[in-house]
Every structure is written in structure tokens, then in C-alpha cells.
Amino acid sequence: VTQNPVWRVLSPSQHEQTLFEERHLRYISPLGKGNFGSVELCRYDPLGDNTGELVAVKKLQPNKQSTVDDFQKEVNMLSILHCDYIVKYRGVCYSMGRLSMSLVMEYLPYGSLIGYLENNQHNINTRRMLLFASQICKGMEYLQTLRYVHRDLAARNILVASESLVKIADFGLTKIIPSDKEYYRVTQPGESPIFWYAPESINESRFSHKSDVWSFGIVLHELFFYCDNKSNPKRVKKKLLINIHGPSISMHLANILKNNWRLPSPPHCPPKVCSNLMRQCWAYNFDERPCFSSLGNQIETIILSQLS
Ligand SMILES: Cc1cnc(Nc2cc(F)c(C3CCN(C)CC3)c(F)c2)nc1Nc1ccc(F)c(N2CCCS2(=O)=O)c1
């Protein structure tokens, strides 16, 4: 028996699960809502004296996309991840008997990276962006060792733990690649964030570590888009999207990508990052894209060259 009243029990799936008792989980405020469900800030306060730990609790919203066993899969996937650059899983909380289940995670106070970038444009510099990029890269490298394909890598799904640490979050769309294949083909492509999708994901719903690398290139663009940028970047990005018209946005986007159109380099973006790193991530053929370990080394080299 552990000293704190959070029991360690073996769940049916034999993963060690940490059970949070609902009566000690005190709701504080909402953090976010989406088709995934909702995430709330709570304090797990078994002693009832407000000395308990702040946690982020993701409640399942069983709708057309996510079903209870999808949620159970997300819980199982998150519970075995141990990496400084991935949001920490704390446990689960069952309410209404075992009817509904919530995912309990560590609480990161600064919120999503996209929100952080929008609210801190004036005091973020390329050095900090490169540090964040290298941390995301290391987190993705770790996921790859477990054959996890994230499928939704975007600044909105990265969380900021402190002024100098970001973590990958939201494993709602993550899939594990079967050992006999190098990619995962999705049957129901839900609400697809095509702006972050590699061409093969748009055209064939095909996802791999190399399609995650493409999305990482978009995250690099997001990082440097807000960096030292006075104008309101949101408007510019919308303009980019608005003039995409035609039978369907995804077909049009797939065509212009095939004709070698790419996102324009953000202003003030160091050339080594834009004309080099992003371009490598956006190679049309997925086998020409670098792996996350190579990207990580290149980013470290740029950081060191910035020191000198
Ligand atoms: C696991 C976790 C840990 N810490 C945190 N901290 C956190 C701290 C914050 F101040 C905020 C905001 C900041 C801005 N003001 C206005 C409102 C609160 C915030 F949004 C989050 N959030 C977590 N998860 C989470 C929360 C909320 C989410 F919408 C999503 N998602 C979004 C896309 C899919 S998603 O499910 O990943 C994940």
C-alpha cells in the first residue's frame, strides 16, 4: 500500500494504472474543449487542505469519432510513455461506477504552444524557438522508438511547461505501426487538419514517421512565423488558406504541393532553418525526408553555431 491514497492497481489490460478517487478530484476551471472531449484543471486534494497536486483531467466525450475503447487505447498508449518532452500521464479516474472514465495528466501552466507564441511574440527569439524545436524533435524521436505515429503534430498540440520546456500532448489520433509495415493507413479520416498533412496523407490517408516529419516542418514554420513578427500572423495565415478554392481544398492543396509550392519562409527566419530544415521536411517523396534523429542533430548544430 502506498503512503498516499492513490492506489496502484493492475487494469484488465495489465498496464499499471494509477487510480484517482473522484471524491478527491476538485474541479477548478475549464482548459479546453473539442471533438476529443474536454480538458479541465482540477486539484487532486485527498487531504482536503488545498495542498494537493494540480492535474489536467481529460473527460471522454463519446461522439461519432472517439468511442470508449479509443479512449482506453489513448490511456494505455500514454501510460507507458516516459519522456521529458511528452506530457506525463498520472492515472485514471472512474466516475458513475465504471461507466465514465477520465484521463489524469500533469498540469502544464503555460498552456498550448500556439497560444504562448501568440501572447509572447515580443519576447521570443530564434534561440528559444530552436530550443523548443529540438525538444519536440527529441519527443518525436522517442515516440518513433515505440513505433508510434502521432498524426496530429501541430503547435496547438504542444504544451508549454515553462519558459524553456515544451512537451508533446494529445495522443487522440496516435497509431502504432504494425511491425510488418512502415506506415499506417487510416480508414475513417475524421476532421483532418490537412494544412499539417504530408501529400501521401492527403492523397492516400497514409501515415508514417516520415509524415510526422512533414508535420514537424509545419510546426517549425509555426514557431518561426510568430518569432520577432510584429504583424498579426493569424491574418496572413488565413489569407494563405482563403485563396485556396476549387472542388475541394485537399485536392487543390495536394496539386500545388505536387507542383512544388511550399509555405513561404516566415520573415526573420534564419536561412538554415527555412531554406534548409523546413525544405528537407517537405520533400514530396517521404523517403527523401530526414528522420527525427538527423533533424535533432541539425538543430543542435544550428544552436551551437548561434552561440559562437
Ligand atoms: C494535459 C494538459 C496539461 N496541461 C495543460 N495546461 C493548460 C494550461 C492552460 F492555461 C491552458 C489555457 C491557456 C489559455 N486560457 C485562455 C485557457 C487555458 C490550456 F489550454 C492548457 N493542458 C493539458 N491538456 C489540454 C488542455 C486543453 C486543451 F484544449 C488541450 N487540447 C487542445 C488540442 C487537443 S488537446 O486535447 O491536446 C489539451
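Please refer to the structure higher up on the page.
Let us look at the structure shown here.

Reading the values: the criteria
Residues numbered from 1 in each chain as written. Predicted model: local features only at pLDDT ≥ 70, side-chain atom pairs only at ≥ 80, totals over all residues. Heavy atoms only, no water. Helix = DSSP H or I, 4+ residues; strand = E, 2+ residues; numbered from the N terminus. Buried < 20%, exposed > 50% of the residue type's maximum accessible area, 1.4 Å probe, protein only. Areas by Shrake-Rupley, 256 points an atom, 1.4 Å probe, with all protein chains shown as cover. Phe/Tyr/Trp six-rings, centres within 6.5 Å; stacked < 30°, edge-to-face > 60°. Near = heavy atom within 4 Å. Polar contact = N/O pair within 3.5 Å; in protein donor to acceptor, adjacent residues only side chain to side chain. Salt bridge = Lys/Arg side-chain N within 4 Å of Asp/Glu carboxyl O. Pairing = 2+ DSSP bridges. Disulfide = S-S within 2.5 Å. Arc of directions from axis to C-beta. Contact = heavy atoms within 4.5 Å.

Glancing now at the overall build of the chain. Looking only at helices and strands, one finds 9 helices and 13 strands in the chain. Taking all 308 residues of the chain together, 48% fall into the buried category. Of the roughly 15,100 Å² of accessible surface on the chain, a fraction of 56% belongs to carbon and sulfur atoms.

On to the packing of aromatic side chains, then. In the structure shown here, the tally under the stated rule is 8 aromatic pairs. Seen from their ring centres, Phe20 and Tyr44 are 4.7 Å apart, and the 80 degrees between their planes marks the pair as edge-to-face. Linking Phe20 in the loop between strand 2 (16-19) and strand 3 (25-34) with Tyr44 in strand 4 (residues 37-44), this pair joins segments that are 24 residues apart in sequence. Side by side, Phe20 and Tyr44 carry an identical accessibility label, which is buried. Summarising the aromatic geometry, the rings of Phe225 and Tyr226 are spaced 6.2 Å apart at their centres and angled 70 degrees between planes, so their arrangement reads as edge-to-face.

Next up on the list: the site of the ligand. In the vicinity of the ligand lie 16 residues, with Leu31, Glu106, Leu108, Asn157 and Asp170 positioned nearest. In this structure, Leu108 approaches the ligand through a main-chain N or O atom, which is 2.7 Å from a nitrogen atom. Considered on its own, the ligand offers 730 Å² of accessible surface; in the complex 70% of this is hidden by protein. Those elements that place two or more of their residues in the shell around the ligand are strand 3, strand 5 (53-60) and strand 7 (100-106).

All right, on to the pattern of salt bridges then. Summed over the entire model, instances satisfying the criterion amount to 12 salt bridges. In this structure, Arg26 and Asp45 form a salt bridge, with 3.6 Å as the shortest nitrogen-oxygen distance. One end of the pair, Arg26, is in strand 3; the other, Asp45, is in the loop between strand 4 and strand 5, and 19 residues separate them in sequence. By relative accessible area, which is 38% here, Arg26 ends up partly exposed.

Moving on, we get to the pairing of strand 7. Regular strands place side chains that alternate from one sheet face to the opposite one. In terms of burial, strand 7 is a largely internal element, 6 of the 7 residues being buried. Across 5 bridges, the pairing between strand 5 and strand 7 is antiparallel. By the bridge assignment for strand 7, Lys58 is matched with Leu103. Examined bridge by bridge, strand 6 (residues 89-95) and strand 7 share 6 bridges and lie antiparallel to one another. Each bridged residue has a counterpart across the sheet, and for Tyr94 the counterpart in strand 7 is Met101.

Let us look at the state of the cysteines. Under the counting rule described, the total for this entry stands at 1 disulfide. The residue that forms a disulfide with Cys269 is Cys274, at a sulfur-sulfur distance of 2.0 Å. Negative torsions about the S-S bond denote left-handed disulfides, and the value of about 125 degrees found for Cys269 with Cys274 makes this one right-handed. Taken as a pair, Cys269 and Cys274 share a single burial class, namely buried. Unpaired in this structure, Cys42 has its nearest cysteine sulfur neighbour in Cys93, at a distance of 8.6 Å.

The phi angle at Arg147 is positive, at roughly 60 degrees, despite the residue not being glycine. By secondary structure assignment, the location of Arg147 is in the loop between helix 3 (126-145) and strand 8 (148-149). Residue Ser205 is not a glycine yet carries a positive backbone phi of 50 degrees. Looking at where Ser205 falls in the secondary structure, it is placed in the loop between helix 4 (199-204) and strand 13 (206-207). With relative accessibility at 16%, the residue Ser205 sits in the buried group.

Moving on to helix 8 (residues 271-281). Burial in helix 8 covers these residues: Val273, Cys274, Leu277, Met278 and Cys281. Buried residues along helix 8 cover an arc of 120 degrees about the axis, so they all sit on one side. Opposite the packed face of helix 8, turned more than 90 degrees from it, sit the exposed residues Pro271 and Ser275. Where helix 8 is buried, its residues contact helix 3, helix 5 (209-225) and helix 9 (292-307).

Geometric values such as these leave the question of function open.
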